[in-house]
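Chains, contacts and geometry: an overview
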Amino acid sequence: MIFSTRRPATFGAVLGVSLGVLALAGCAKNKGELVVDDSIGVTALRSPCPVVAIPEMTGDITLFNAPGRTDSGAIDVVASITNLRSTCDDATNGAKLTSNATFDVVARRTDTRGARHVDIPYFSVVMRGGTQVLAKRVGTIGIDFADGQERASARGSASSFVDRAEATLPREVRDRLNKKRKPGDADAATDPLAQPDVKAALAKASFELLVGFQLTNDQLAYNATR
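All of these numbers come straight from a predicted model, not from anything done at the bench. (Residues numbered from 1 in each chain as written. Predicted model: local features only at pLDDT ≥ 70, side-chain atom pairs only at ≥ 80, totals over all residues. Heavy atoms only, no water.)

Right, let's get into the overall build of the chain. The secondary structure content of the chain amounts to four helices and nine strands. Secondary structure elements of the chain occur, N-terminal to C-terminal, as β-α-β-β-β-β-β-β-β-α-α-β-α. In the chain, of all internal contacts separated by at least 6 residues, the share reaching a separation of at least 24 is 71%. Accessible surface, the chain: about 11900 Å² in total, of which carbon and sulfur atoms supply 51%. (Helix = DSSP H or I, 4+ residues; strand = E, 2+ residues; numbered from the N terminus. Contact = heavy atoms within 4.5 Å. Areas by Shrake-Rupley, 256 points an atom, 1.4 Å probe, with all protein chains shown as cover.)

Another aspect to go through is the nonpolar core. Side chains that are nonpolar tend, in soluble globular proteins, to be buried together. Of all hydrophobic cores here, the largest spans 24 residues; its most connected members are Phe-103, Val-105, Ile-120, Ile-143 and Phe-213. Elements with a contribution of two residues or more to this core: strand S2 (51–55), strand S4 (75–88), strand S5 (96–109), strand S6 (116–128), strand S7 (132–145), strand S8 (151–163) and strand S9 (207–213). If we ignore the near neighbours within four places in the chain, the residues touching Ile-120 are Ile-61, Ala-79, Gly-139, Thr-140, Ile-141, Ile-143 and Phe-213. Within the second largest apolar cluster, seven residues are counted, among which are Leu-169, Val-173, Val-198 and Leu-202. (Core = buried A, V, L, I, M, F, W, Y, C linked by side-chain atoms within 4.5 Å. Buried < 20%, exposed > 50% of the residue type's maximum accessible area, 1.4 Å probe, protein only.)

By the secondary structure assignment, Ser-99 is in strand S5. Taking the C-alpha atoms as reference, Ser-99 lies 5.7 Å from Ser-159; in sequence the two are 60 residues apart.

What follows covers the sheet that holds S5. Read across the sheet, four strands follow the order S3-S4-S5-S8 without closing on themselves; strand pairing throughout is antiparallel. Strands with a single pairing partner mark the edges of an open sheet, and in this sheet they are strand S3 (60–64) and S8. Looking at each pair of strands side by side, their axes are set apart by 20° on average, direction ignored. Lying over the sheet, helix H4 (residues 217–225) contacts S3 and S4, oriented at roughly 115° with respect to S3. (Pairing = 2+ DSSP bridges. Axes fitted to C-alpha atoms, helices over the stretch in contact; angles between N-to-C directions.)

Here the focus is the state of the cysteines. Within the structure shown, the criterion is met by one disulfide. Between the sulfur of Cys-49 and that of Cys-88 lies a disulfide, 2.1 Å long from S to S. Classification of the bridge connecting Cys-49 and Cys-88 rests on its S-S torsion, roughly -70°, and on that basis the disulfide is left-handed. With Cys-49 in the loop between helix H1 (11–16) and S2 and Cys-88 in strand S4, this pair connects stretches of sequence that are 39 residues apart. Considered together, Cys-49 and Cys-88 belong to a single accessibility category, that of buried residues. (Disulfide = S-S within 2.5 Å.)

Here the focus is the environment of Glu-166. If you trace the backbone, Glu-166 turns up in the loop between S8 and helix H2 (171–178). Judged by relative accessible area, Glu-166 falls into the partly exposed class, the value being 37%. On a C-alpha basis, the gap between Glu-166 and Ala-95 in space is 9.9 Å, while along the polypeptide they are 71 residues apart. The contacts of Glu-166, once residues within four sequence positions are left out, are Arg-128, Lys-204, Ala-205 and Phe-207.

Tallying each qualifying case throughout the model produces seven salt bridges. The partner of Arg-226 in a salt bridge is Asp-60, and the shortest N-O contact between them spans 3.7 Å. Taken together, the residues span a long stretch of sequence, with Arg-226 in the segment after H4 and Asp-60 in strand S3 at a distance of 166 residues. The salt bridge involving Asp-163 is made with Lys-96; its shortest N-O contact spans 2.4 Å. Linking Asp-163 in strand S8 with Lys-96 in strand S5, this pair joins segments that are 67 residues apart in sequence. (Salt bridge = Lys/Arg side-chain N within 4 Å of Asp/Glu carboxyl O.)

Here's what the structure looks like:
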């Protein structure tokens, strides 16, 4: 499955925190806890597998060949993250959700003279409920340009394990979401997803795997203004 979602994120949390071992997961296909039914208020299929996304403004990086310059004439290398894919073993119903994520980094350089190797830093981070950083890993991906070559690419990957119990909604919450409602019922016009305790339970059981370039403050500011 390919994920092209770019998710807004708190950059102080995503870019600045480093927390031990990475725990990543992908999204399952056609599997979920909640069944879509016209007679139920729920209209979405939920999987315990984390959503995979690239945080907004972290999917591109621009390197310059002169300190202090950010004009087009000083651009050295431009790179982007694309083809973010993930697999998840949700169907096995094991206690752990094992997943693997892959992505491509495509790069272009302005000076094509000579062979060249460029290391570009990137992060993989797991968040819970959209705000809590559980784990983060920072690494580098190497791009190799042959002599005369303008464009090059490389493949990155990550593997992970997530506790299924932590990513599964409590039975009581699932029963409330799946409850059939008929016109005239006291709760027929009440959206269970809007109830504070249900929203809190959904947030607690929701995980995200975010992948992006590990940008400096100057690089992030450049992405925000270009």
